[in-house]
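Given next are the chains, with one letter for each unit.
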Amino acid sequence: MSNNPFSLLADLFYPRLCGGCRRNLYGGENFVCTHCLLDLPFTHYHRMSNNPLERMFRGRIPVDGVTSLLFFNRGGMARQLLHRVKYHGDTQTAVAMGRLLGLALRDSPFGGCSAVVPVPLHPSKQRIRGFNQSSLIAQGVHEETGIPYHDDWLQRVEATESQTRKTREARWDNVATAFSAGASLAGGVGPVLLIDDVLTTGATLEAAARVLLAAGAGVMFATLACSNR
Ligand SMILES: [Zn+2]
């Protein structure tokens with residue numbers, strides 16, 4: 001993370017590759033090169049009240065704010081980076097992208113949340129994959145914002161099918177009862193920042209948030225990417 005001669009030497013002998021263009025990374029560059037970082041399709045929704053994602057949840061659930069760091073375009077870089085995390089187990093990229101999200105949120109209304117909570121995977125799915133990408137993203141957010149991280153406040157009690165090929169209604173039926181409160185979930189706390197990797201119809205976030213709201217917590221949503229709308 002610095003330009004000191006040792007890290008430059010380490011880059012020479014153990015090259016790290018850009019998650020976007022696969023060129024070598026140098027010095028302070030982290031997970032993507034400077035060119036790719038500037039090319040990322042940022043939404044800037046965290047600074048926009050009444051943004052399109054907040055409007056999407058209006059009338060569905062009383063959420064205090066919704067944002068997503070990047071647009072998830074077909075063939076775009078956000079998709080490519082998340083693909084590396086999910087299918088190639090690139091956990092470092094997940095944490096690094098979470099830090100980028102945390103950096104954006106730190107001085108915004110989202111930075112005032114009192115807990116960072118990842119959307120959990122069902123234990124059987126997590127065992128197969130070996131990690132939960134939402135937890136890694138949430139850890140990155142915690143590292144940059146200092147907001148306490150709690151991965152035991154929510155539990156996934158149903159192993160749901162993949163959401164990717166389902167309609168909006170089918171997605172809701174699939175996840176509506178998938179979550180329950182963990183024993184350590186504290187009621188009456190300030191807003192909880194609920195973290196997921198991608199926001200599409202919002203069914204998963206909505207189902208998870210209902211558990212937090214029922215416990216008396218306020219909720220804000222932040223994801224790494226959202227489908228372009
Ligand atoms: Zn690059």
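No experiment lies behind these values; they were computed from the predicted model shown. (Residues numbered from 1 in each chain as written. Predicted model: local features only at pLDDT ≥ 70, side-chain atom pairs only at ≥ 80, totals over all residues. Heavy atoms only, no water.)

*Asks:* I'd like a description of a nonpolar patch on the surface, backed by residues and values.
*Replies:* A contiguous nonpolar patch, built from Phe6, Leu9, Leu12, Phe13 and Tyr14 and spanning about 670 Å² of accessible area, is present on the exposed surface. As for its placement among the helices and strands, Tyr14 is situated in the loop between helix 1 (5-13) and strand 1 (16-17). (Patch = residues over 30% accessible without salt bridge, like charges linked within 9 Å, V, L, I, M, F, W, Y side chains within 5 Å. Areas by Shrake-Rupley, 256 points an atom, 1.4 Å probe, with all protein chains shown as cover. Salt bridge = Lys/Arg side-chain N within 4 Å of Asp/Glu carboxyl O. Helix = DSSP H or I, 4+ residues; strand = E, 2+ residues; numbered from the N terminus.)

*Asks:* How would you explain the layout of surface pockets if you had to name every residue and give the values?
*Replies:* Approximately 1,200 Å³ is the volume found for the largest pocket. Lining the largest pocket we find 37 residues, and of these Lys86, Thr164, Asp197, Val198 and Thr200 sit closest to its centre. Looking at the lining of the largest pocket, the elements with two or more residues in it are helix 4 (77-88), helix 6 (123-129), helix 7 (133-145), helix 8 (168-175), strand 7 (192-199) and helix 9 (203-214). Each residue belonging to the lining of the largest pocket can be placed in one class, and the counts come to 12 nonpolar, 14 polar and 11 charged. If you add up the space inside the second largest pocket, you get close to 570 Å³. Lining the second largest pocket are 24 residues, and of these Glu29, Asn30, Phe31, Val32 and Ala96 sit closest to its centre. Those elements giving two or more residues to the lining of the second largest pocket turn out to be strand 1, helix 2 (34-39) and helix 5 (91-105). (1 Å grid on protein atoms, 1.4 Å probe; cavity = no way out; pocket = protein on both sides within 12 Å on 5 of 7 lines; lining within 4 Å. Points joined across faces, edges and corners; volume = space filled by probe spheres on them. Nonpolar A, V, L, I, M, F, W, Y, C, P; charged D, E, K, R; others polar.)

*Asks:* Could you give an account of the nonpolar core, naming the residues involved and the relevant values?
*Replies:* Membership of the largest hydrophobic core comes to 32 residues, with the highest contact counts inside it found for Phe31, Leu69, Leu81, Leu101, Leu193, Ile195 and Leu224. When residues of this core are traced back to their parent elements, those giving at least two are strand 3 (65-72), helix 4, helix 5, helix 7, strand 7 and strand 8 (219-227). A per-element tally of this core places helix 5 first, with 6 residues. Here this core spans two domains, since at least three of its residues come from each of domain 1 (1-39) and domain 2 (41-227). Other than its neighbours up to four places away in sequence, Leu224 contacts Ser68, Leu69, Leu70, Leu82, Met97, Gly98, Leu101, Ile137, Asp196 and Asp197. Core analysis: the next-biggest nonpolar cluster, separate from the first, contains 30 residues, Ile61, Ala207, Ala208 and Phe221 among them. (Core = buried A, V, L, I, M, F, W, Y, C linked by side-chain atoms within 4.5 Å. Buried < 20%, exposed > 50% of the residue type's maximum accessible area, 1.4 Å probe, protein only. Domains from an automatic or database assignment. Contact = heavy atoms within 4.5 Å.)

*Asks:* Give a description of the packing of aromatic side chains that names residues and reports values.
*Replies:* Scanning the model with the defined rule gives 2 aromatic pairs in all. Aromatic side chains Tyr45 and Phe71 sit 5.8 Å apart centroid to centroid with 85 degrees between the ring planes, which places their arrangement in the edge-to-face category. With a gap of 26 residues between them, Tyr45 in the loop between helix 2 and helix 3 (52-57) and Phe71 in strand 3 connect regions that are remote in the sequence. Residue Tyr45 is classed as buried on the basis of its relative accessible area of 5%. Between Phe57 and Phe221, the aromatic rings sit 5.0 Å apart at their centres with planes inclined by 65 degrees, giving edge-to-face as the arrangement. (Phe/Tyr/Trp six-rings, centres within 6.5 Å; stacked < 30°, edge-to-face > 60°.)

*Asks:* Pulling in residues and values, what's your account of the coordination of the zinc ion?
*Replies:* Bound to the zinc ion are the protein donor atoms Cys18 (SG), Cys21 (SG), Cys33 (SG) and Cys36 (SG), situated 2.3 Å from the metal. Considering all 4 donor atoms around the zinc ion, the spread of angles at the metal, 104 to 115 degrees, places the coordination shape in the tetrahedral class. Taken in sequence order, the residues that donate to the zinc ion follow the motif C-x2-C-x11-C-x2-C. Judged by relative accessible area, which is 8%, Cys36 ranks as buried. (Donors = N, O, S within 2.8 Å, 3.2 Å for Na, K, Ca; no water. Tetrahedral: all angles 85-135°; square planar, octahedral: opposite > 155°, others 65-115°.)

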